[in-house]
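Tertiary structure, described
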There are 2 protein chains.
Amino acid sequence: MKLYLAVRSKALLCAVMVCLLAPVAVAQAIDPLPSWKDGAAKQAILNFVRSTTDNSSPNFVPPGERVVTFDQDGTTWVEQPMYTEFIFSFDRVKELAPQHPEWKTKQPFAAVLAGDQAAIAKFTNEDLEAVMVATHAGMTVEQFQKTAKDWLAAARDQRWHRPYTELVYEPMLELMRYLRASGYKTYIVTGGGQAFVRVYAEQVYDIPPDQVIGTAMAIEYGYNKAGEAVLTRAPKLLLYDNFAGKAEDIYLFTGQHAKAAFGNSTGDQQMLEYTQAGGGAPLMMLVLHDDAQREYAYGPAQGLPNSNVGTFTQALYDEAKARGWIVISMKNDWKRIFAWEK
Amino acid sequence: MKLYLAVRSKALLCAVMVCLLAPVAVAQAIDPLPSWKDGAAKQAILNFVRSTTDNSSPNFVPPGERVVTFDQDGTTWVEQPMYTEFIFSFDRVKELAPQHPEWKTKQPFAAVLAGDQAAIAKFTNEDLEAVMVATHAGMTVEQFQKTAKDWLAAARDQRWHRPYTELVYEPMLELMRYLRASGYKTYIVTGGGQAFVRVYAEQVYDIPPDQVIGTAMAIEYGYNKAGEAVLTRAPKLLLYDNFAGKAEDIYLFTGQHAKAAFGNSTGDQQMLEYTQAGGGAPLMMLVLHDDAQREYAYGPAQGLPNSNVGTFTQALYDEAKARGWIVISMKNDWKRIFAWEK
């Protein structure tokens, strides 16, 4: 049992040991971030927790207002060479193809079925939306949940041949645990599908479903033959949780500014800006993928290769510097990236 | 300090006393529902908590899935003769009138300004929407919050001459505390405005803003002159949290079925149905306002007077009986209604 265990709302935690140890004292006694190298990024985190949880600090944050938000793709797990949920969707297209013979000649489905990576790389938002609607709507919420769960259990990534849920960044898991141990509620705020991420968020991040905010399809109420209530996923977007949508949805779900926000791409810009606008001594951090050897290197900020997945522009990098946000270098700030690394 | 205090996520609660007492044992030793008369309603609550928190029970609910939902208007506080938020909106129309000289002759504003109760009673949904947009949109989220807070501090109801936040039902507050002490997360799920209820939910119900689900205006992201992020309330409905919307929004916010649901009107029907569809041994309850002397009497179920506010139809009453939901009689099940009663 880690000493900096979080007191979670879902448990009556009665360990006297935890009761006797204040979180800050624990943080000083035991390094809460062992996968982080000593440096500006790690120091910024330690300073943030110290200044917001010490009630003699001018930046003290009352426990009820301790909310922090994490982007997922590229911030807490691998997003290259393609978002995991898209890979799931493309696999679903292949599975559903026998029921849709017209897909063989109809784009964007034909490209997916042919495995035409060049065509897939050029998919427009409309193409992706067509794939998402075909694979994410027209079923009950339970059916979708089961489909995603089964796929996650069986699927392996092409580079490390591991379940996608093992491609999470150990330093970010440590950060989440450390923040929870300091009284913070940790939220995932993802451009990906809320329902998809909820399938594994508890197991992977120790984050319950009500703390997962994401892109959401409209849900429609109805009844089954037995007269019981059933919720069906409608082919219509309710929340697009990306860019400005992240800030708007954080307000919708939490009613307040986050005190810290972690992202890695242009889709996270407004989430970080909104966190900063809340005043106090907030913490805004962006992960820069500059480690092709251990993970991936892409930007195009700082001369890194361009990428349509998880784009980190030079403009975002410049804004980070101008606003005092911390850029995390995967290469220089993280001792290890995955829990299973040697 | 009440012995059945909840361990809240927002606090590191280290009182050894609480640690030493299991909630069920406390419930048996001390009546957790002193304002409830002994009877079927109280017994149903006690049975529900016992069967879902005893881990040898077939209906045991793991702590992470302990979610319960409360309607607000007419379920946790008074909704007659008119929803409190409408009274707030009408007062706002009066305050804003000098900036809108055209309102003197333009409906529905003219009726509000003239205090024409007969006309107000006949307002269509479009009329009410016009009033809501005029009073709830076009300002930052902080401006709305301050306006509502100031109004709530000053306003008094016409019958008891008390702040509206004192018109909460003591038996329901006891029920919320008891459920939280039993590991349940308590949510407000209101047809009223989420932003309005969040202003006082923590103080009145001990419910934090992220556990308030309600009707929500769209929020728009932008910047102030200093380049800081600002959220503005747009004149557009994002979530209509009533009827089927309640079930849909509970899924959106929590990702799961509630294990118990409490309502009082047709707008709560789907919330209760959806709770029941989750299986196990859920608890569904409806408050029937049958006490004109201590509060109000309206239905039209069971021959009570009809009401456009918080309508409880005979069809809903019959559905409750058919599905095994518990109808709470304010007159017969509650020893006292308000904390300030003699």
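Up top is the structure these notes are about.
A brief structural summary. (Residues numbered from 1 in each chain as written. Chains lettered and ligands numbered in written order. Predicted model: local features only at pLDDT ≥ 70, side-chain atom pairs only at ≥ 80, totals over all residues. Heavy atoms only, no water.)

**Some words on the sheet that holds strand S7 (residues 326-329) of chain A**
Residue and element names in this part refer to chain A. An order of S4-S3-S2-S1-S5-S6-S7 is seen for the 7 strands of this open sheet, with the pairing classed as mixed. The strands lining the two open edges of the sheet, one partner per strand, are strand S4 (229-239) and S7. Put simply, the sheet's adjacent strands are angled 35 degrees from each other on average, direction ignored. As judged from the 4 bridges shared by strand S6 (residues 283-288) and S7, these two strands associate in the parallel manner. Bridging from a neighbouring strand, Leu-286 pairs with Val-327 of S7. (Pairing = 2+ DSSP bridges. Helix = DSSP H or I, 4+ residues; strand = E, 2+ residues; numbered from the N terminus. Axes fitted to C-alpha atoms, helices over the stretch in contact; angles between N-to-C directions.)

**Quick look at helix H3 (residues 40-53) of chain A**
All names here are of chain A. When the terminal C-alpha atoms of H3 are compared, their 20 Å separation across 14 residues agrees well with the 20 Å that a helix rising 1.5 Å per residue should span. Counted residue by residue, H3 has 10 buried out of 14 residues, so it is predominantly covered. Those residues of H3 not exposed but buried are Ala-41, Lys-42, Ala-44, Ile-45, Leu-46, Phe-48, Val-49, Ser-51, Thr-52 and Thr-53. (Expected span 1.5 Å × (residues − 1). Buried < 20%, exposed > 50% of the residue type's maximum accessible area, 1.4 Å probe, protein only.)

**Description of the side chain of Thr215(A)**
All names here are of chain A. As for its position among the elements, Thr-215 is in strand S3 (residues 212-223). With relative accessibility at 16%, the residue Thr-215 sits in the buried group. Excluding residues within four positions of it along the chain, Thr-215 makes contact with Thr-190, Gly-191, Gly-192, Gly-193, Gln-194, Leu-237, Leu-239, Tyr-240 and Asp-241. (Contact = heavy atoms within 4.5 Å.)

**Re the interface of chain A and chain B**
Many analyses report the size of an interface as the accessible area lost when the parts associate. Across the boundary between the two partners, chain A contributes 49 residues, which contact 50 residues of chain B. Note on chain A versus chain B: buried area summed over both sides is about 4300 Å², and carbon and sulfur give 61% of it. Scanning the region where chain A abuts chain B turns up 2 salt bridges. Salt-bridge contacts for Lys185(B) lead to Asp210(A); the nearest nitrogen and oxygen are separated by 2.4 Å. Secondary structure elements with two or more residues in the side of chain A that touches chain B: helix H8 (141-154), strand S2 (185-193), helix H10 (194-205), S3, S4, helix H11 (244-254) and helix H12 (269-277) of chain A. Per-element tally for the side of chain A that touches chain B: the top contributor is H11(A), with 7 residues. (Buried area = accessible area lost by both parts, 1.4 Å probe. Salt bridge = Lys/Arg side-chain N within 4 Å of Asp/Glu carboxyl O.)

**Some words on the pairing of strand S2 (residues 185-193) of chain B**
Residues and elements named next belong to chain B. Counted residue by residue, S2 has 8 buried out of 9 residues, so it is predominantly covered. Relative to S2, strand S1 (residues 67-70) is paired through 4 bridges, and the arrangement is parallel. Looking at the pairing, Thr-69 lines up with Tyr-187 of S2. Pairing analysis gives 4 bridges linking S2 to strand S3 (residues 212-223), with the strands arranged parallel. What sits directly across from Val-189, in S3, is Ile-213.

**Some details on the side chain of Glu79(A)**
Residue and element names in this part refer to chain A. Tracing the sequence through the fold places Glu-79 in the loop between strand S1 (67-70) and helix H4 (84-96). No salt bridge forms around the buried Glu-79; measuring N to O, its nearest opposite-charge neighbour Lys-246 is 8.8 Å away. Non-local contacts of Glu-79, meaning those with residues more than four positions away in its chain, are made with Asp-73, Gly-74, Tyr-169, Asn-264, His-289, Tyr-298, Val-309 and Gly-310. (Lys, Arg positive; Asp, Glu negative; His and termini not counted.)

**Some points on the sheet that holds S1(B)**
The pairing of strands in a sheet happens through backbone hydrogen bonds and is either parallel or antiparallel. All names here are of chain B. Here we have 7 strands laid out as an open sheet, ordered S4-S3-S2-S1-S5-S6-S7, and mixed in their pairing. The outermost strands of the open sheet, each flanked by one partner alone, are strand S4 (229-239) and strand S7 (326-329). Neighbour to neighbour, the strand axes of the sheet diverge by 35 degrees on average, direction disregarded. Here helix H9 (residues 170-181) sits on the sheet in contact with S1, S2, strand S5 (260-263) and strand S6 (283-288), set at roughly 170 degrees to S1.

**Focus on the relation of the copies chain A and chain B**
With an RMSD of 0.0 Å, chain A superimposes on chain B once it is rotated by 180 degrees and translated 0.0 Å along the axis. Accordingly, the operation relating the two chain copies is best matched by a two-fold axis. The share of interface residues of chain A whose copies in chain B are also at the interface is 100%, consistent with both copies meeting through the same surface. (Least-squares fit on C-alpha atoms with pLDDT ≥ 70 in both.)

**Focus: the pattern of salt bridges**
All chains considered together, the criterion is met by 26 salt bridges over all chains. A salt bridge links Lys246(B) to Asp71(B); its shortest N-O distance comes to 2.8 Å. A residue pair is termed long-range when its members are at least 10 positions apart, and Lys246(B) in helix H11 (residues 244-254) and Asp71(B) in the loop between S1 and helix H4 (84-96) qualify at 175 residues. Shared partners join several salt bridges into a network, and the residues in it are Asp31(A), Asp38(A) and Lys42(A).

**Remarks on unusual backbone geometry**
Residues and elements named next belong to chain A. Omega for the peptide link from Gln-80 to Pro-81 comes to 0 degrees, which places this bond in the cis form. Relative to the assigned elements, Pro-81 resides in the loop between S1 and H4. With a phi angle near 55 degrees, Gln-302 is a residue other than glycine that sits in the positive phi range. Within the fold, Gln-302 resides in the loop between S6 and helix H13 (314-323). With relative accessibility at 41%, the residue Gln-302 sits in the partly exposed group.

**Topic: the environment of Asn224(A)**
Locating Asn224(A) in the fold gives a position in the loop between S3 and S4. Exposure remark for Asn224(A): the relative accessible area of 30% places this residue in the partly exposed category.

**Re the environment of Leu238(A)**
If you trace the backbone, Leu238(A) turns up in strand S4. In this structure Leu238(A) comes out as partly exposed when scored by relative accessible area, which is 26%. Counting along the chain gives 90 residues from Leu238(A) to Ala148(A), while the straight-line C-alpha distance between them is 20 Å. Here Leu238(A) is in contact with Ala216(A), Met217(A), Ala218(A), Leu238(B), Leu239(B) and Leu252(B), once residues within four sequence places are set aside.

**Focus on the packing of aromatic side chains**
Within a pair of aromatic rings, the relevant descriptors are the distance that separates the centres and the angle that separates the planes. Within the structure shown, the criterion is met by 46 aromatic pairs over all chains. With centroids separated by 5.5 Å and ring planes inclined at 80 degrees, the aromatic side chains of Tyr83(A) and Phe86(A) adopt a geometry described as edge-to-face. With a centroid separation of 5.8 Å and an interplanar angle of 80 degrees, the aromatic rings of Phe196(B) and Tyr200(B) are classed as edge-to-face. Of the two residues, Phe196(B) and Tyr200(B) are both situated in helix H10 (residues 194-205); the distance of 4 residues between them amounts to about one turn of the helix. Judged by its relative accessible area of 2%, Phe196(B) falls in the buried class. Owing to a relative accessible area of 1%, Tyr200(B) belongs among the buried residues under this scheme. Through a chain of ring-to-ring contacts, the aromatic side chains of Trp77(A), Phe88(A), Phe144(A), Trp151(A), Tyr164(A), Phe196(A), Tyr200(A) and Tyr205(A) assemble into a single cluster. Positioned over the ring face of Tyr251(B) is Arg198(A), at 6.0 Å from the centre of the ring. (Phe/Tyr/Trp six-rings, centres within 6.5 Å; stacked < 30°, edge-to-face > 60°. Lys NZ or Arg CZ within 6 Å of the ring centre and 35° of its normal.)

**Description of the packing of H11(B) against helix H12 (residues 269-277) of chain B**
Residue and element names in this part refer to chain B. Put simply, H11 and H12 touch, their axes get as near as 6 Å, and they point 45 degrees apart. The orientation of H11 with respect to H12, classified from their angle, is oblique. The two elements H11 and H12 meet at a crossing, and its hand is right-handed. Here Ala-244, Lys-246, Ala-247, Ile-250 and Tyr-251 of H11 lie close against H12, whose contacting residues are Gln-270, Met-271 and Tyr-274. Each residue belonging to the contact of H11 with H12 can be placed in one class, and the counts come to 6 nonpolar, 1 polar and 1 charged. (Parallel < 35°, antiparallel > 145°, perpendicular 65-115°, else oblique. Left-handed = near helix turned anticlockwise from the far one by under 90°. Nonpolar A, V, L, I, M, F, W, Y, C, P; charged D, E, K, R; others polar.)

**A few points about a nonpolar patch on the surface**
All names here are of chain A. On the surface, Leu-237, Tyr-240 and Phe-243 cluster together to form a nonpolar patch covering roughly 290 Å² of accessible area. Structurally, the position occupied by Leu-237 is in strand S4. Overall, Leu-237 belongs to the partly exposed group, its relative accessible area being 48%. (Patch = residues over 30% accessible without salt bridge, like charges linked within 9 Å, V, L, I, M, F, W, Y side chains within 5 Å. Areas by Shrake-Rupley, 256 points an atom, 1.4 Å probe, with all protein chains shown as cover.)

In short, geometric facts, not functional conclusions.
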